[in-house]
Amino acid sequence: MTQNYGFGTCLDSPNKNLAPLVTTLDREGQLEIGGCCLTALANQYGTPLYVLDELTLRTACKAYRDSLIEFYPGISLPLYASKANSCRALSYILASEGFGWDAVSSGELLTALEGNMPTQRILLHGNNKSLHELNLALKHRITIVIDNVYDLQMLAQLIPNNGPPASVMLRVTPGIECHTHEYIRTGRLNSKFGFNLNEIEDILRWLIGCPWIQVTGLHAHIGSQIFELQPHHDLARIMIDMIKLARSMGHPLVDLNIGGGLGIRYTESDCPPSIQSWIKTIAKTIVLKCKEYNLRLPRLLCEPGRSLVGTAGITLYTLGSRKEITGIKTYVSVDGGMSDNPRRITYKSNYTACLVNQANLDYQKNITLVGKHCESGDVLIEDLSLPISKPGDILIVFGTGAYNMSMSSNYNRVPRPSTILVASSKADLIQLREQPDELLYHDVVPPRLSTLY
Ligand SMILES: Cc1ncc(COP(=O)(O)O)c(C=O)c1O
Ligand SMILES: N[C@@H](CCCC[NH3+])C(=O)O
């Protein structure tokens, strides 16, 4: 008999949990996710290993979709912010869930184009799009989110004179403060993204005279890992004011994209709002404001990343060396670190972890869990309580589905891990582990160097 693993399970909003939805202990006391034994996965595929639980991801998708239907009487389209974790299998899943795809680069665009994502559901973002990226979007009639005047200047050159106008959205910086790490706030006036509220009126007026472009929507994204609902309530109000302004100038504005940003639970003390309450807050505000102004409801778009895929993902590591500094601290090292999870060193993020074969044992000792990289800041978890462990034990870190693989690096020429998708006791490889010799592939040794000795 398996038992539910005691991280607290909110079945309809996965972002409120520490662990994927079906995280259980088998008869031998081993952790399983999606019906797959984690020790077996580590043995078969090696570590570090990213594991993604399909049920948790699909449940989060359903929560967004159902909440939009329940709370928003207009048309809606949820998109996935693919920067959170991008690969073709994920695009297939998101497409099948009726989601669109937010891309910021030609790599993220290609992933969707080769990942069964309908082009009319893809958006191209970015504060410094290349000609290649813009051309790719134009070729596939993908909606472009205009971030700045440079975007417009480039598009002016690329769009043929007699062709149909390109459909674009404008990114607005609404000047909203939210409590999250400084590096992941994007809605403040001093942000590098978008047009601020003082500029937007002039830009909208100027665009009225541009037959090569059609502004069909407005977009804003205020930041990430946000636990308050008030900033998104404020954002919705501001954006309806902007829609009123744009429509009064004659722009055929149909879309309002409210961005993403809903936080997830990384540690016991985190308490993010549910997906349902996030959508409800935004939808209600938009409906009320539109009623007040007698405006037609816009099509409501949102583009969550972390709250879709974050909780679905975990990372498995093998424990290695141990260093005890008497009276000071004990370091335990894993076989990965800041290359597969750069969030701790970047944002001081906290995580929850345990041993996969001793998940229900009393905790005994506080350790500092560190990576294998040549960097003192390569710490994964400070003050982690673990039972007595030994080299070779498998450790699981929860909540690594978002912004781990996608922000990973080859620092110290460490290859990136595989990703395994688990569902109904089946495990499928969706990203192959890099091999050390592949890392040499892009090296070029000029002949004059190789003939020197
Ligand atoms: C433009 C844009 N949209 C959506 C997102 C997704 O944010 P999150 O993963 O917090 O939902 C981000 C990242 O912060 C973003 O920059
Ligand atoms: N990369 C950030 C999220 C924001 C990125 C997109 N604006 C993180 O790991 O928390």
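Just so you know, these numbers come straight off a predicted model, no measurement behind them.

1. Section: the packing of helix α5 (residues 131–139) against helix α6 (residues 149–158)
Phase 1 of the analysis: Closest axis-to-axis distance for the α5/α6 pair is 11 Å, and the angle between their directions is 60°. Judged by the angle between their axes, α5 and α6 are oblique. Crossing hand, α5 versus α6: right-handed. Residues Leu131, Leu134, Asn135 and Leu138 of α5 form the contact with α6, whose participating residues are Met154, Leu155 and Leu158.
Phase 2 of the analysis: Here the contact of α5 with α6 is built from residues that sort into 6 nonpolar, 1 polar and no charged.

2. Quick look at the nonpolar core
Phase 1 of the analysis: Counting 115 residues, the largest nonpolar core has Val51, Leu218, Met239, Ile258, Leu316, Ala353 and Ile396 as its most contacted members.
Phase 2 of the analysis: Per element, the largest residue contribution to this core is 7 residues, and it comes from helix α8 (residues 230–248).
Phase 3 of the analysis: In terms of domain composition, this core takes at least three residues from each of domain 1 (3–53 + 311–440) and domain 2 (55–309).
Phase 4 of the analysis: Setting aside its immediate chain neighbours within four residues, Ile258 contacts Ala220, His232, Leu235, Ala236, Met239, Ile282, Leu300, Leu301 and Cys302.

3. Some points on helix α4 (residues 106–113)
Phase 1 of the analysis: Every buried residue of α4 is listed here: Glu108, Leu109, Thr111, Ala112 and Leu113.
Phase 2 of the analysis: Buried residues in α4 make contact with α3 (88–96), β7 (100–103), β8 (122–124) and α5.

4. Section: the environment of His140
Phase 1 of the analysis: Relative to the assigned elements, His140 resides in the loop between α5 and β9 (143–146).
Phase 2 of the analysis: What makes His140 partly exposed here is the crowd of 14 C-beta atoms within 10 Å.
Phase 3 of the analysis: When the C-alpha atoms of His140 and Leu319 are compared, they prove to be 47 Å apart, with 179 residues separating the residues in sequence.
Phase 4 of the analysis: Among residues more than four places away in sequence, those in contact with His140 are Leu113 and Thr119.

5. Some remarks on the domain arrangement of the chain
Phase 1 of the analysis: Split into domains, the chain comes out as domain 1 (3–53 + 311–440) and domain 2 (55–309).
Phase 2 of the analysis: For domain 1 versus domain 2, the distance between C-alpha centres works out to 32 Å.
Phase 3 of the analysis: Between domain 1 and domain 2, the contact holds 33 residues from the first and 28 residues from the second.
Phase 4 of the analysis: Of all the secondary-structure elements, those providing two or more residues to the side of domain 1 that touches domain 2 are β5 (49–53), α11 (343–347), β21 (418–423) and β22 (426–431).
Phase 5 of the analysis: At 3 residues, β21 tops the list of elements feeding residues into the side of domain 1 that touches domain 2.
Phase 6 of the analysis: Taken together, the residues of the side of domain 1 that touches domain 2 break down into 15 nonpolar, 15 polar and 3 charged.

6. Quick look at the UniProt feature "modified residue: N6-(pyridoxal phosphate)lysine" (unreviewed entry) in the chain
Phase 1 of the analysis: As annotated by UniProt and renumbered to match this structure, "modified residue: N6-(pyridoxal phosphate)lysine" (unreviewed entry) occupies Lys83.
Phase 2 of the analysis: Its location among the elements puts Lys83 in the loop between β6 (76–81) and α3.
Phase 3 of the analysis: Taking the number of C-beta atoms within 10 Å as the measure of exposure, Lys83 has 21 and is therefore buried.
Phase 4 of the analysis: Sequence-distant contacts of Lys83, defined by excluding residues within four places in its chain, comprise Val104, Glu108, Gly305 and Ser406.

7. Notes on helix α9 (residues 275–293)
Residues spaced three or four apart along an α-helix point in a common direction, a consequence of the helix completing one turn every 3.6 residues.
Phase 1 of the analysis: Counted at 1.5 Å a residue, the expected span for α9 with its 19 residues is 27 Å, and the 27 Å between its end C-alpha atoms agrees.
Phase 2 of the analysis: All of the buried residues in α9 are Ile275, Trp278, Ile279, Thr281, Ile282, Ala283, Thr285 and Ile286.
Phase 3 of the analysis: As for α9, its buried residues are in contact with α2 (54–71), α8, β13 (255–257), β14 (299–302) and α10 (306–309).
Phase 4 of the analysis: Immediately beyond the C-terminal end of α9, within one or two residues, lies Asn294, with a positive phi of roughly 55°.

Definitions and cut-offs
- Residues numbered from 1 in each chain as written.
- Chains lettered and ligands numbered in written order.
- Predicted model: local features only at pLDDT ≥ 70, side-chain atom pairs only at ≥ 80, totals over all residues.
- Axes fitted to C-alpha atoms, helices over the stretch in contact; angles between N-to-C directions.
- Helix = DSSP H or I, 4+ residues; strand = E, 2+ residues; numbered from the N terminus.
- Parallel < 35°, antiparallel > 145°, perpendicular 65-115°, else oblique.
- Left-handed = near helix turned anticlockwise from the far one by under 90°.
- Contact = placed C-beta atoms within 7 Å.
- Nonpolar A, V, L, I, M, F, W, Y, C, P; charged D, E, K, R; others polar.
- Core = buried A, V, L, I, M, F, W, Y, C linked by C-beta atoms within 7 Å.
- Buried ≥ 20, exposed ≤ 12 C-beta atoms within 10 Å, placed from the backbone.
- Domains from an automatic or database assignment.
- UniProt positions renumbered as here; feature names shortened; annotations may be inferred.
- Expected span 1.5 Å × (residues − 1).

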